Amino acid sequence: LGAAGSAGGSATMEFIAQVVADNTSAVASFTSVPQTYRSLRIVMASGRRATYADKFGLNFNSDTTAGNYGWNVLYNTAASSTYSTSQGANDGPYGDNPTGSGSSYSIIDIVNYSDAAVCTSAQFQMGSYTSSPTGIIGYAYEVASAVTAIDVVSDTLTSNYYFIAPTVFTLFGIGTAD
């Protein structure tokens, strides 16, 4: 992406906030999300949990209503390729979070987040060094509202599913809102 302040209509990517996992929560929260960008990007680097788990998802505006979220996923493991579709808050195969020396990454692009008249959609790219899912996911928040808070949520909230160091979640803003 273009450098901050560059001309010619190129988008800029600017740091907004960062959450560093410390083994005290299964949720990484971004609150007071500014409404000044066209899109958002969350980068999860070195993803790990206390216990192996392969599911985490997003909740927008503290909404945990399963019927307000839908997703399609195409992923590959060492053994097979899979396509599936479903609904549910914090319930989707969004990257493997292994234990030990393993780690994973996810890049989550969120569009239409500041337009209260449309629903918000996101695309996940995920990968892991293990044999667990590596793939791409389309994700939809089926409520027309501006997104002001984002939670990255483990599918299980007990302590053995907490995000642990060195997991880092970084939120970026991209472009200028219309």
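J.: How should I be thinking about the sheet that holds strand S2 (residues 27–30) in this particular structure?
T.: The strands making up a sheet are joined through hydrogen bonds of the backbone, oriented either antiparallel or parallel. Spatially, the 3 strands line up as an open sheet ordered S2-S10-S4, and their pairing is antiparallel. Only two strands of the sheet have a single partner each, and these edge strands are S2 and strand S4 (56–60). Here the average twist between neighbouring strands, direction ignored, is 15°. Pairing of S2 with strand S10 (residues 150–154), which is carried by 4 bridges, proceeds in the antiparallel orientation. Within the sheet, the bridge partner assigned to Ser-29 lies in S10 and is Asp-151.

J.: What exactly am I supposed to notice about the layout of surface pockets here?
T.: In this approach a probe as big as a water molecule rolls over the atoms, and the regions it shows empty are the leftover space. One number sums up the size of the largest pocket: a volume of about 150 Å³. Surrounding the largest pocket, Tyr-37, Arg-38, Ser-39, Val-111, Asn-112, Tyr-113, Ser-114, Asp-115, Ala-177 and Asp-178 form its lining.

J.: Is there a simple way to think about the environment of Ala-28 in this case?
T.: Tracing the backbone shows Ala-28 in strand S2. Judged by its relative accessible area of 2%, Ala-28 is buried. Residues Ala-28 and Tyr-162 lie 134 residues apart in sequence; the distance between their C-alpha atoms is 9.8 Å. If we ignore the near neighbours within four places in the chain, the residues touching Ala-28 are Val-19, Ile-150, Asp-151, Val-152 and Phe-169.

J.: Is there a simple way to think about the confidence of the model for the protein chain in this case?
T.: The predicted coordinates should not be examined in detail at positions where pLDDT is low. Confidence in the prediction of the protein chain, expressed as mean pLDDT, is 78, and 72% of residues score 70 or more. For the stretch residues 1–9, pLDDT sits under 50, and the model shows 10 contacts to residues farther than four places along the chain or on other chains.

J.: I'm lost on the packing of aromatic side chains in this one. Help?
T.: Where two aromatic rings form a pair, the distance of their centres and the angle of their planes describe that pair. If you walk through the whole model with that rule in mind, you get 7 aromatic pairs. Between Phe-60 and Tyr-69 the ring centres are 6.4 Å apart and the planes differ by 25°, which places this aromatic pair in the stacked class. Of the residues examined, Phe-60 reaches a relative accessible area of 0% and is grouped as buried. Relative accessible area serves as the criterion here: at 0%, Tyr-69 is assigned to the buried category.

J.: Help me out: how do you make sense of unusual backbone geometry in this one?
T.: Most peptide bonds take the trans configuration, and most residues that are not glycine carry a negative phi. Within the chain, Asn-23 stands out as a residue other than glycine whose phi angle is a positive 65°. By the element assignment, Asn-23 lies in the loop between strand S1 (13–20) and S2. Note on Asn-23: relative accessible area 40%, which makes it partly exposed. A positive phi is found at Ser-62, a non-glycine position, where the angle reads about 60°. Inspection of the secondary structure assignment puts Ser-62 in the loop between S4 and strand S5 (69–76). Residue classification places Ser-62 among the exposed positions, given a relative accessible area of 57%.

Criteria and cut-off values
- Residues numbered from 1 in each chain as written.
- Predicted model: local features only at pLDDT ≥ 70, side-chain atom pairs only at ≥ 80, totals over all residues.
- Heavy atoms only, no water.
- Pairing = 2+ DSSP bridges.
- Helix = DSSP H or I, 4+ residues; strand = E, 2+ residues; numbered from the N terminus.
- Axes fitted to C-alpha atoms, helices over the stretch in contact; angles between N-to-C directions.
- 1 Å grid on protein atoms, 1.4 Å probe; cavity = no way out; pocket = protein on both sides within 12 Å on 5 of 7 lines; lining within 4 Å.
- Points joined across faces, edges and corners; volume = space filled by probe spheres on them.
- Buried < 20%, exposed > 50% of the residue type's maximum accessible area, 1.4 Å probe, protein only.
- Contact = heavy atoms within 4.5 Å.
- pLDDT = per-residue confidence, 0-100.
- Phe/Tyr/Trp six-rings, centres within 6.5 Å; stacked < 30°, edge-to-face > 60°.

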